[in-house]
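# Summary of structural features
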Amino acid sequence: MSPRERLREGATRIPSGCAIAGIMDRTGRRHDGDDILKSIALMHDRSNGLGGGFAAYGIYPEYAELYAFHIMYESKEARTETEAYLDAHFMCEKQERIPTENVRGIQDPPDIWRYFAAPHPVKLNMSGLDEAEYTMQHVFRINASIDGAFVASSGKNMGAFKGVGYPEDIGEFYRIRDYDAWLWTAHGRFPTNTPGWWGGAHPFTLLNWSIVHNGEISSYDANRRYVEQYGYDCALMTDTEVITYLFDLLVRRHGFSQEMAAHIMCAPAWDVIDKMEPERAAFETALRCVYSSALVNGPMSVILGSDEGMLALNDRLKLRALMAGEKGSMVYLASEQAAIEIVCPDVENVRSIDGGVPFVVQLDEVAARKARKADESPSDPVASCVPPARVTVACNEKREV
Amino acid sequence: MLDYLLPRYKVLRDNDQCVQCGVCERSCANEVHRVDEELGRVTADHKKCVNCQRCVVMCPTQALAITRWPQVGNGSNNWTLQAMQDIAKQAQTGAVLLSSMGNPQHYPIYWDHLLLNASQVTNPSIDPLREPMETRVFLGSRPEALKVNEGARTAAAPLPPQIKLDVPIMFSAMSFGSVSLNAQKSLAMAAEELGTYFNTGEGGLHKDLERYGDHAVVQVASGRFGVDVRYLNAGAMIEIKIGQGAKPGIGGHLPGEKINEEVSQTRMIPQGTDAISPAPHHDIYSIEDLRQLIYSLKEATRYAKPVAVKIAAVHNAAAIASGMARAGADVIVVDGFRGGTGAAPARIRDNVGIPLELALAAVDQRLRDEGIRSRVSLVAAGSIRSSADVVRAVALGADAVYCASAALIALGCHQCQDCASGKCNWGIATQRPELTRRLNPEIGAERVVNLVRAWNHEIQEMMGGMGINAIDSLRGNRLMLRGVGLNEKELEILGVKHAGE
Amino acid sequence: MKRIYAIEQWCIDCKRCEVACKTFHSHSKDTVKAFTVEYPEPQNRVRVEGGLQLSVAVNCRHCADPKCVEGCISGAMTKNPVTGVVTSNPEKCVGCRTCVGMCPFGCVRIEDAVEKGVAYKCDLCGDGLGQPGEPSCVAACPNRALIYVESEGC
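Everything quoted here is computed from the prediction, not taken from an experiment. (Residues numbered from 1 in each chain as written. Chains lettered and ligands numbered in written order. Predicted model: local features only at pLDDT ≥ 70, side-chain atom pairs only at ≥ 80, totals over all residues.)

### Observations regarding the overall build of chain B
What chain B contains, in helices and strands, is 15 helices and 23 strands. On C-alpha atoms alone, chain B measures out to a radius of gyration of 24 Å, which is about the 23 Å that the 2.2 N^0.38 rule sets for 501 residues. Dimensions of chain B along its principal axes, counting C-alpha atoms only, are 90 × 60 × 45 Å. Counting only residues that meet the buried cut, chain B has 54% of its 501 residues in that class. Restricting the contact set of chain B to residue pairs at least 6 apart, pairs at least 24 apart contribute 69%. (Helix = DSSP H or I, 4+ residues; strand = E, 2+ residues; numbered from the N terminus. Rg over C-alpha atoms; globule rule 2.2 N^0.38 Å. Buried ≥ 20, exposed ≤ 12 C-beta atoms within 10 Å, placed from the backbone. Contact = placed C-beta atoms within 7 Å.)

Set out below in structure tokens:
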């Protein structure tokens, strides 16, 4: 039976365990993929060779204003069809095959291309959508309707490199050491029954979002049916996909900060809310009422990558391991502490992420911008308390460094 | 005219056990039992027995059991004994057949074809004894997105009115008149204790129950009995009853003999007159009229209370519910055809409407297809028999459930289907003082509280097994359900996979 | 001290209390035997007065200052100084019926016996008699028309 005939992500729901890691330089300085590769490789046993991948931010500075589509093709026809589709809706500045290396253990890779493109201005205008929504809908359409084509990533100045294999082999395959990024995230997958499909590997991405996730959320179908009301098509049936859509809905469409989106997804328990000051309790109650179906339940540890930085989140009960550490401007996250220490032996301030409390790492530049904005509107005490260039823990009262 | 009707039940008395204490005789308002001094034993008039089982429970020596009347039919699957008995009764009386409680016929009970999931290996089950396990639910309408001031941690605009349920179970509408004040009081006390709500039905709010107003859903139905502005403002939520699962499409009729002084005052109608609720609301002949009533009620209560609209589960329930949401209903209640009633024409009860499970699944899906499910709350009613049914209903898409039959059974009801006679031996569906006295609300409330607490524990156990610690994550989570013995179409409508898939 | 109180509002005239009392005061503690084979027939001490429309279970009040004790000529009727429970000792009772006449509640009766009829009355069974639980009439009441609660002035 060929892999294509077996049930893939999207045809069935596949529970997975995983390893995740993230490395970020808050100054925005870029580093090659060597460290993230070492970090995820150390957690080899948390994967089973059926999926691995990386997301990298800041890798295409020369095309920073264009959407970088990483697209995997299983056939020539798929590529022809997709490129025709892209031509119809986008203006492509550049397209090329993503350079890869032959690696033992990586078999039958698809044909992987990247395109740097901007939405077709007339079509964008006619659609009545903003640029991001326009792009997102076309990505959905390619993934859903062009057989054998899968958009692995679609953000600006970022990309996902993923496939079937152990993450360290995938990294070698994509030559990720050749890329420089200020934020790297990585994922090693332990699916229970998937044949392994390149499109189904993680990170999952949408526009500038990328998500790596370890766990199996038990609220999946409640979350899926919630976001599907708003046009998100959960085609892959994975946790990562639905969590990404929740972030996109809450942040891009509803205007929440990433921290607040994470706070909604891991809302405080009612008995905690009941002890709050009435005004605060009313606020939390309103959030839980309106967004009750966005509550994410069950074991999860997530690293969300975006153009602001990274955000780590554990489920409310802390059912999954996730460690953080830092050294200078570098911040490290990993499922296991050893995976941090292997790349930064003198890492400081190592601790585990609290359950249900978003752990936010922002680019200095982003933090400073938010602080300035807060200074202009002093009624925003949370943002004004955020010290620039600091790892901040939002949504609970402690602000750790 | 000779009555051709056969008795339905036979009283079995174990004469070795019977001590002729007379408890059964004094317990039966139908006058079935008689201690016959001459014969030196207790006799039974079987024909009068309705199988309410009061005597069976009360007998100090377990000397009693009720059985079916042993008469056999002719073996025909077509002309069953029941079918012939119905004809005999109508030939005798020329009347519409009346019965009570929900649809008892052999239609599929989909709850019994839906199995629940539990976590194994890939994610852990959660121990409700160790971790918080949240069953709190709010009902009301919500905006699609909440506008907030993140810095100040305040909402930019207040949420529309919501009611808070500590358990996802409310008590459905049963009016004072159809049930006794003690029955209603039992539910009111239980609702207060449990942090949930009872429903006044279309019978007004008795002055003794005004103190439970914060836990009352005040119903406005087609007869508008007991409705004034004070009544509307006395409750926590208002419910417009369009239809009832047990008798879709028809109204209600409370006979004059049940309208005693108390009932008359509470319903605001003269004593001894029949209380007739018309089949439709005569000010609602279409959806735009419903909108007017909803907003009239909101105006009358200064937009401080959610307004629910209850419909019977009928063929087009999904589209109707969608229209209700757009007409301004904050809470949509879907009442399935196994839901109970104090009195309904048997032919309507047995043949009109559709199962709750299918209606609920269809309504939830339709609201989602239209992107408005998160703007309204959805309550499922109509024969929720156990905590597992509650879990199934929530997983299909309900925010909460209404249950009445189960609560009545906790109070003593044995579903004898004879509510309409007004001779309820359990003191529930009667206004006779010597019978209503049998239901001490203190005991009643305790039993209902026990039941709902037990259910809630079970719900928490089941949620924990699924790896879920808040009922929010169970709502609409149909992957937690699998069908057994259902065909493709049924699975499609229910939106669940078959077991093994 | 706990005492039995009758709540007429909730009395439904079923007389299960009477059955339970009779059973408790039988030798066999078996309802069927108590009603059918035991001789002399055990007697229930609680009685439901009234009818379906209005009824109440009448029972010894174990008065603070019991008239029955005051009137007893043989020293059979005594009030326990510790528990306050009033009981009659059949060995000492001479069947003079003074107690029956003096009880303001009609709660003392005389057995129909072959030799001498002696007084019998509620002995506040259950933990009042040093046995576990509520008195048997209270336990048998389906509607809490009989309650067993702390009382002042006994």
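### Quick word on the interface of chain B and chain A
Opposite the 40 residues of chain B that make contact, chain A presents 43 residues. For the side of chain B that touches chain A, the residue count by class is 16 nonpolar, 13 polar and 11 charged. (Nonpolar A, V, L, I, M, F, W, Y, C, P; charged D, E, K, R; others polar.)

### Remarks on helix H8 (residues 258-265) of chain A
With 8 of 8 residues buried, H8 of chain A lies mostly within the body of the structure. The secondary structure elements touched by the buried residues of H8 of chain A are helix H7 (239-253), helix H10 (278-290), strand E13 (300-306), strand E14 (309-314) and strand E18 (359-362) of chain A.

### Topic: the pairing of E18 of chain A
All names here are of chain A. Burial of E18 is two-sided: the residues Phe359 and Val361 facing one way and the residues Val360 and Gln362 facing the other way are all buried. Sheet topology places E14 next to E18; 4 bridges connect them, and they run antiparallel. Bridging across to E18, Ala312 finds its partner in Phe359. (Pairing = 2+ DSSP bridges.)

### Let's talk about the pairing of strand E12 (residues 209-215) of chain A
All names here are of chain A. With 7 of its 7 residues buried, E12 lies for the most part within the structure. By the bridge criterion, 3 bridges tie strand E11 (residues 204-206) to E12 in an arrangement that is antiparallel. If you follow Leu206 over to E12, its bridge partner there is Trp209. Following E11, the chain reverses through 2 residues before pairing antiparallel with E12; Leu207 in that reversal takes a positive phi of roughly 50°. In this sheet, E13 lies alongside E12 in antiparallel orientation, the contact comprising 6 bridges. The residue of E13 that forms the bridge with Val212 is Ile303.

### With respect to the interface of chain C and chain B
In this assembly, 17 residues from chain C lie in contact with 16 residues from chain B. Listed by contribution, the elements that provide at least two residues to the side of chain C that touches chain B are helix H1 (16-24) and helix H2 (31-36) of chain C. Looking at the side of chain C that touches chain B, the element that brings in the most residues is H2 of chain C, giving 4 residues. Here the residues of the side of chain C that touches chain B are counted per class, giving 9 nonpolar, 4 polar and 4 charged.

### Some thoughts on the arrangement of the chains
The assembly contains 2 pairs of chains in contact; the pair sharing the most contacts is chains A and B. When C-alpha atoms are compared, chain A and chain C, though not in contact, are closest at a spacing of 36 Å.

### So, the sheet that holds strand E6 (residues 111-119) of chain A
Residues and elements named next belong to chain A. If you trace the 4 strands from one edge of the open sheet to the other, you get E5-E6-E4-E7, paired in antiparallel fashion. Both edges of this open sheet fall to strand E5 (90-97) and strand E7 (149-153), since each of them pairs with a single strand only. Taking each pair of neighbouring strands and ignoring which way they run, the sheet shows an average axis angle of 30°. Pairing of strand E4 (residues 67-73) with E6, which is carried by 7 bridges, proceeds in the antiparallel orientation. Across the sheet, residue His70 finds its bridge partner in E6, namely Arg114. Contacts from helix H2 (residues 76-89) reach E4, E5, E6 and E7, with the element oriented near 10° to E6. Sheet strands in contact with helix H4 (residues 131-145) are E4, E6 and E7, and its direction is about 140° off that of E7. (Axes fitted to C-alpha atoms, helices over the stretch in contact; angles between N-to-C directions.)

### What to know about the nonpolar core
Residue and element names in this part refer to chain B. Counting residues in hydrophobic clusters, the biggest one holds 315 residues, and the most contacted among them are Ile332, Val334 and Val401. The element that contributes the greatest number of residues to this core is helix H14 (residues 441-466), accounting for 9 residues. Discounting residues that sit within four places of it in the chain, Val334 has contacts with Ile311, Ala313, Ala317, Ala321, Leu356, Ala359, Leu360, Val363, Ala380 and Ala381. (Core = buried A, V, L, I, M, F, W, Y, C linked by C-beta atoms within 7 Å.)

### Points about the domain arrangement of chain B
Residue and element names in this part refer to chain B. Once the domains are mapped, chain B shows domain 1 (9-75 + 85-95) and domain 2 (137-498). Domain 1 and domain 2 are separated by 35 Å when their C-alpha centres are compared. Contacts between the two partners involve 9 residues from domain 1 and, on the opposite side, 7 residues from domain 2. Here the side of domain 1 that touches domain 2 is composed, by residue class, of 4 nonpolar, 4 polar and 1 charged. (Domains from an automatic or database assignment.)

### Regarding the sheet that holds strand E11 (residues 169-171) of chain B
Residue and element names in this part refer to chain B. Strand order in the open sheet made by the 8 strands is E11-E21-E20-E18-E17-E14-E13-E12, with parallel pairing throughout. Both edges of this open sheet fall to E11 and strand E12 (198-199), since each of them pairs with a single strand only. Pairing geometry for strand E20 (residues 377-381) and strand E21 (residues 400-403), over 3 bridges, is parallel. Bridge pairing in E21 places Val379 opposite Ala400. Lying on the sheet, helix H7 (residues 287-300) is in contact with strand E13 (216-220), strand E14 (237-241) and strand E17 (307-312); it crosses E17 at an angle near 145°.

### Overview of helix H3 (residues 81-93) of chain B
Here H3 of chain B is 13 residues long and its end C-alpha atoms lie 18 Å apart, about the 18 Å a rise of 1.5 Å per residue gives. Trailing H3 of chain B by a residue or two, Gly94 of chain B shows a phi angle of about 65°, which is positive. (Expected span 1.5 Å × (residues − 1).)

### A closer look at the packing of helix H8 (residues 317-326) of chain B against helix H10 (residues 356-369) of chain B
Each pair of packed helices can be described by the angle between their axes along with the distance between the axes. Residue and element names in this part refer to chain B. Look at H8 against H10: their axes get within 8 Å of each other, and the N-to-C directions meet at 50°. With respect to each other, H8 and H10 are oriented oblique. When you trace H8 past H10, the crossing you get is right-handed. From H8, Ala317, Ala318, Ala319, Ala321, Ser322 and Ala325 reach across to H10, where they touch Ala359, Ala362, Val363, Arg366 and Leu367. Among the residues making up the contact of H8 with H10, the classes are represented as 9 nonpolar, 1 polar and 1 charged. (Parallel < 35°, antiparallel > 145°, perpendicular 65-115°, else oblique. Left-handed = near helix turned anticlockwise from the far one by under 90°.)

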